[in-house]
Structure formats: C-alpha cells, structure tokens
Amino acid sequence: MSQNDYRNELFTGYNSGLKEKARKLRKKMTPEESHLWYDFLKSYPVRIYRQRSIDYFIADFYCSEAKLIIEIDGNQHYTEDGKTQDDVRTEILERYGLEVIRFTNDDIKYRFKNVCDEIDKVIKERK
C-alpha cells in the first residue's frame, strides 16, 4: 500500500476549522433537519453525526460507518447555481469514498417514512 493509499484510507476529510460553524448550524437546524434528526437519525442503531465538516463543506448528516452523507435540500438547491454547487460538492465528497444522498424538504414533510426507509436501506447496503 502506497503512502497516498494509506492516507486516503484513513483520512475522513474532517475539517476542524469548520467546527464552530458546524456547532452553530446544529443549533439552528431547519424544521426538516430537526424532524429527521429527532424522529429517526438520533436513535438510529448506527452512529450518525449532525452538521459534520468534511473538506470545505458541512454535511447535514454523516454516517462514518457507511461512508454516507445525507443532505436535505431547500429551494436554493434548485437554482442553476445551486445545482452546479451541489454537483461540485458531491464530486469532491465522492473522492473520499463517500456516497451523497439527497432529499427535498417536501420529501421530509410528506414522505417521511419513505425517506427513513431509503436511508436505512442505503446504510445497510454500505456497511
């Protein structure tokens, strides 16, 4: 195993420089993020982190065991700029071997059980 392979295997992309910003975001979660956290992810049997800094980004939710990022997207993600930024962000995060799954605010509001089932399925597949 080369030095780069070893580094990539161990490096999670955690960015301690964003620690304070992530802490503030945890205190100001959107209603949809709060719903998903308190009504499903917080008690999920596999550890999931809220507002986890990875590289230069802060993921809404992160499961290190499954190398999974869960994003809840509001309206700003559906503009041309928002879509482009999300694509770049996803590409960078995938370089760490992470999978990014996205749900809309409406998914959380109106299809909550389906969202939970999908997250559960993906985590089990990736563990």
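Refer to the structure above for everything that follows.
Residues numbered from 1 in each chain as written. Predicted model: local features only at pLDDT ≥ 70, side-chain atom pairs only at ≥ 80, totals over all residues. Heavy atoms only, no water.

J.: How should I be thinking about the pattern of salt bridges in this particular structure?
T.: Pairing is possible between side chains of opposite charge, provided their charged atoms come close. Across all of its chains, the model carries 11 salt bridges by this definition. Among the ionic pairs, Arg-102 bridges to Asp-86, the shortest N-O distance being 3.6 Å. Note that Arg-102 is positioned in strand E4 (residues 99-104) and Asp-86 in helix H4 (residues 80-94), a separation of 16 residues in sequence. Note that Asp-107 is salt-bridged to Arg-111, the shortest N-O span being 2.9 Å. (Salt bridge = Lys/Arg side-chain N within 4 Å of Asp/Glu carboxyl O. Helix = DSSP H or I, 4+ residues; strand = E, 2+ residues; numbered from the N terminus.)

J.: Explanation requested: the sheet that holds E4 in the structure shown.
T.: What holds strands together in a sheet is hydrogen bonding between their backbones, with the strands either parallel or antiparallel. A sheet is described by the order of its strands in space; here four strands give the open sequence E1-E2-E3-E4, paired in mixed fashion. Strands at the two margins of the open sheet, each flanked by one partner only, are strand E1 (49-54) and E4. Each strand of the sheet is rotated relative to its neighbour by a mean of 45 degrees, with strand direction disregarded. In the sheet, strand E2 (residues 57-63) pairs with strand E3 (residues 68-73) via three bridges, with the strands oriented antiparallel. Considered in E3, the bridge of Tyr-62 is made with Ile-69. Here helix H6 (residues 112-126) sits on the sheet and contacts E2, E3 and E4; the angle it forms with E4, its principal contact strand, is near 175 degrees. (Pairing = 2+ DSSP bridges. Axes fitted to C-alpha atoms, helices over the stretch in contact; angles between N-to-C directions. Contact = heavy atoms within 4.5 Å.)

J.: Whenever I open this one, H6 confuses me. Can you help?
T.: Every α-helical turn comprises 3.6 residues, leaving residues that sit three or four positions apart pointing alike. For H6, spanning 15 residues, the distance from its first C-alpha to its last is 21 Å, which sits close to the expected 21 Å at 1.5 Å a residue. Among the residues of H6, those classed as buried are Phe-112, Val-115, Cys-116, Ile-119, Val-122 and Ile-123. The arc that holds every buried residue of H6, seen down its axis, measures 135 degrees, which confines them to one face. Facing away from the buried surface of H6 by more than 90 degrees, the exposed residues are Lys-113, Asn-114, Lys-124 and Glu-125. Taken together, the buried residues of H6 touch helix H3 (31-41), E2, E3, E4 and helix H5 (105-110). (Expected span 1.5 Å × (residues − 1). Buried < 20%, exposed > 50% of the residue type's maximum accessible area, 1.4 Å probe, protein only. Arc of directions from axis to C-beta.)

J.: Whenever I open this one, the packing of H3 against H6 confuses me. Can you help?
T.: Two measures define how a pair of helices packs: the angle their axes make with one another and the distance between the axes. Closest axis-to-axis distance for the H3/H6 pair is 11 Å, and the angle between their directions is 65 degrees. Between H3 and H6 lies a crossing whose hand is right-handed. In contact with His-35, Leu-36, Asp-39, Phe-40 and Leu-41 of H3, H6 contributes Phe-112, Val-115, Cys-116, Ile-119 and Asp-120. (Left-handed = near helix turned anticlockwise from the far one by under 90°.)

J.: How should I be thinking about the packing of aromatic side chains in this particular structure?
T.: Ring pairs (aromatic) are described by centroid distance and by the angle formed between their planes. All chains considered together, the criterion is met by three aromatic pairs. Seen in terms of ring centroids, Trp-37 and Phe-61 are 6.2 Å apart; in terms of plane orientation they differ by 10 degrees. Their pairing is stacked. You can see Trp-37 sitting in helix H3 and its partner Phe-61 sitting in strand E2, a full 24 residues away along the chain. Each member of the pair, Trp-37 as well as Phe-61, carries the same accessibility label: buried. Positioned above the aromatic ring of Tyr-49, the side-chain terminus of Arg-52 is 4.4 Å from the ring centre. (Phe/Tyr/Trp six-rings, centres within 6.5 Å; stacked < 30°, edge-to-face > 60°. Lys NZ or Arg CZ within 6 Å of the ring centre and 35° of its normal.)

By themselves, these are just geometric observations and shouldn't be taken as functional.
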